[in-house]
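Observations on the model geometry
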Amino acid sequence: MDILTYQFFQNALIVGLLASVAAGIIGSLVVIKKISFISGSIAHASFGGLGIAYFLGLHPIIGAAVFSVLSALGIGWVSKKSKTHEDALIGALWAVGMAVGLIFIFLTPGYAGDLFSYLFGNILLTTQQDILLIAGLDIIVLISVALFFRYFLAIIFDEDFCEVTNIRVLAYYLFLMALIALTVVVMIKVVGIILVIALLTLPAATARMLSKSMRGIILLAVLFSSFATIAGIFASYYLNWPTGPVIIFIAAALYFIGFLIHIRKRKLIH
Amino acid sequence: MKQEPIIELKNVSYAYVQNYNVLDGVNFRLYQEDFLGLIGPNGGGKTTLLKVILGLLKPDSGEITVLGTTPKGARDNIGYVPQYAKIDLDYPIDAFQVVLMGLLGNKRLLSRYSDKDKKRAEAALKEVGMAQFKNRQIGELSGGQRQRILIARALVRDPKLLILDEPTSSVDPASEENFFKLLEQINKKAAIIIVSHDVGIISGYISKVACMNRRLSLHMGDDIEGAIEQSASTCDIEYIGHRLSHTSHNNSHKHD
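What you are looking at is a predicted structure, and each value in this text was computed from that prediction instead of being measured.

**Notes on the overall build of chain B**
A tally of regular secondary structure across chain B gives seven helices and nine strands. Sequence separation of 24 or more characterises 68% of the internal contacts of chain B that already satisfy a separation of 6 or more. Total accessible area on chain B is roughly 12100 Å²; 46% of this is exposed by carbon and sulfur atoms.

Structural data, given as structure tokens:
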């Protein structure tokens with residue numbers, strides 16, 4: 001375990017754990033609200049912001065955060081106002097975000113060497129600055145969810161009832177969308193834009209099969225995503241495989257095991 | 001005895017698509033003691049009418065007064081039980097939390113549920129006969145039990161008006177009678193509007209029936225069966241007598 005003494009490896013573990021906390025909590029809400037595809041679209045849209053930040057010489061994570069929050073608010077607004085356009089727009093945003101990002105990266109002089117790492121993640125290249133940014137985003141997500149948890153749980157369960165009891169459903173929904181966007185940005189460093197959606201939903205979906213209460217689901221989801229991330233970092237180091245895909249593979253394996261336990265339990269009941 | 005109506009609609013129209021009115025000049029009054037069955041074909045505007053009364057939709061024209069104020073202003077005194085089909089049966093929440101949700105809109109932002117709130121929620125659960133299922137996850141309850149939890153969530157607000165959208169679809173025939181007994185109890189302190197496509201089930205319990213088929217025709221009186229039968233014919237739905245063997249005398253029923 002000499003590897004633990006290296007700074008880059010410690011950084012990777014810290015960022016992995018930080019991202020797992022946000023992913024487990026927000027992922028649980030995404031899974032019970034059944035908006036995985038909206039989240040996937042937001043993740044891909046963030047690439048547009050990344051490209052623009054790259055072009056302007058800003059920190060890519062800041063660009064991705066701004067752009068994905070704006071996309072999330074747009075999609076959230078449309079999905080509440082017009083069900084007819086929702087599906088097509090989710091798909092369009094997915095691709096347009098990528099297109100914007102690629103054009104701006106193309107326009108930026110010089111070699112875009114770390115482009116690949118944003119698409120598929122490269123947690124072993126984490127810098128101190130990344131850690132601070134991601135920790136900051138993490139704190140925003142954690143505090144928001146802690147404060148508004150009951151409201152999120154209520155509007156996901158029954159929007160009509162909440163509206164009739166004068167709860168501001170649209171405002172909370174858009175707020176939740178913005179938190180999903182921030183979480184996605186936190187996770188880009190870990191697994192990359194293309195794989196984000198799997199790490200956001202797989203641990204939470206696994207947890208959902210194994211626990212009946214929301215608290216239980218969130219705790220297990222954080223646990224599973226932390227395990228997948230940490231185990232993935234170690235495994236990829238020793239196998240010399242790319243980290244993001246290994247993390248996703250472990251998350252998928254956990255889901256499969258959870259699924260087997262789930263059907264076994266059901267058989268015992270019925 | 002002359003009473004003020006608690007709901008009054010004057011010439012209310014609403015269209016989702018321009019020039020196609022789902023509600024077309026609806027006039028309607030509801031009084032405090034009423035137990036109204038709202039029937040009508042699919043697409044006839046039943047849910048739209050409810051949404052207008054609840055302030056979820058703003059009518060294109062006409063006037064609407066609910067409990068002496070606007071629909072939105074009246075919300076504190078309305079209990080709403082939405083269509084059951086929209087509820088995620090597997091949602092990770094227990095019965096008590098669902099009932100407390102009824103009070104969430106009254107809370108100041110970020111304040112916790114008080115002991116008083118919890119007592120009220122427990123009382124509402126007791127009222128619907130579900131006190132012992134307080135800590136059950138809703139996924140572990142039967143359809144009828146879940147429906148009672150949703151009613152408790154509406155009752156916890158101490159409403160003067162209870163609105164139920166298609167509640168009977170989830171109630172099995174065996175518990176149907178108990179379900180309506182519960183509503184009759186509630187009717188002593190609140191007016192009730194119950195939407196149903198199954199006229200047969202509700203006919204024995206309601207005191208008025210309204211048929212919503214773009215226009216609304218209201219029937220009431222002693223002979224509720226006759227009124228329903230007449231509604232059924234204006235409403236273009238098939239009505240099969242539920243409790244009485246009503247032989248056909250379509251034009252001879254009383255109605256005032």
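Okay, back to it.
**Some details on the interface of chain A and chain B**
If you look at the interface, chain A gives 25 residues, while chain B gives 33 residues. For the pair chain A and chain B, the summed buried area comes to about 2600 Å², and 62% of that belongs to carbon and sulfur atoms. Here chain A and chain B share four salt bridges between them. Of the charged contacts in the structure, one is a salt bridge between E140(B) and K212(A), with a shortest N-O distance of 3.5 Å. Taken together, the links from chain A to chain B amount to eight residue pairs in polar contact (both at pLDDT 80 or more). Counting residues per element, the ones that place at least two in the side of chain A that touches chain B are α6 (128-157), α7 (159-164) and α10 (214-239) of chain A.

**Structural notes on the packing of aromatic side chains**
For any two aromatic rings, the description comes down to two numbers: the centre-to-centre distance and the angle of the planes. The tally for this structure, following the rule as stated, stands at 16 aromatic pairs over all chains. Their ring planes at 10° and their centres at 4.3 Å tell us that F180(B) and Y205(B) sit as a pair that is stacked. Taken together, the positions of F180(B) in helix α5 (residues 173-187) and Y205(B) in the loop between α6 (199-202) and β8 (208-213) put the pair 25 residues apart, joining distant regions of the chain. Judged by relative accessible area, which is 0%, F180(B) ranks as buried. Classification of Y205(B) by relative accessible area gives buried; the value is 12%. Through a chain of ring-to-ring contacts, three or more aromatic side chains come together here, namely Y6(A), F8(A), F9(A), F234(A), Y237(A) and Y238(A). Above the ring of Y113(B), the side-chain terminus of R150(A) is found at 4.5 Å from the ring centroid.

**Structural notes on the pattern of salt bridges**
In this structure the tally under the stated criterion is 15 salt bridges over all chains. Taking the shortest distance from any N to any O, the salt bridge between K34(A) and D88(B) comes out at 3.4 Å. Of this pair, K34(A) sits in the loop between α1 (7-33) and α2 (36-56) while D88(B) sits in the loop between β5 (78-81) and α2 (95-104), which puts the two residues in different chains. Beyond isolated ion pairs, a larger network of salt bridges with shared partners links K33(A), K80(A) and E159(A).

Reading the values: rules and limits
Residues numbered from 1 in each chain as written. Chains lettered and ligands numbered in written order. Predicted model: local features only at pLDDT ≥ 70, side-chain atom pairs only at ≥ 80, totals over all residues. Heavy atoms only, no water. Helix = DSSP H or I, 4+ residues; strand = E, 2+ residues; numbered from the N terminus. Contact = heavy atoms within 4.5 Å. Areas by Shrake-Rupley, 256 points an atom, 1.4 Å probe, with all protein chains shown as cover. Buried area = accessible area lost by both parts, 1.4 Å probe. Salt bridge = Lys/Arg side-chain N within 4 Å of Asp/Glu carboxyl O. Polar contact = N/O pair within 3.5 Å; in protein donor to acceptor, adjacent residues only side chain to side chain. Phe/Tyr/Trp six-rings, centres within 6.5 Å; stacked < 30°, edge-to-face > 60°. Buried < 20%, exposed > 50% of the residue type's maximum accessible area, 1.4 Å probe, protein only. Lys NZ or Arg CZ within 6 Å of the ring centre and 35° of its normal.

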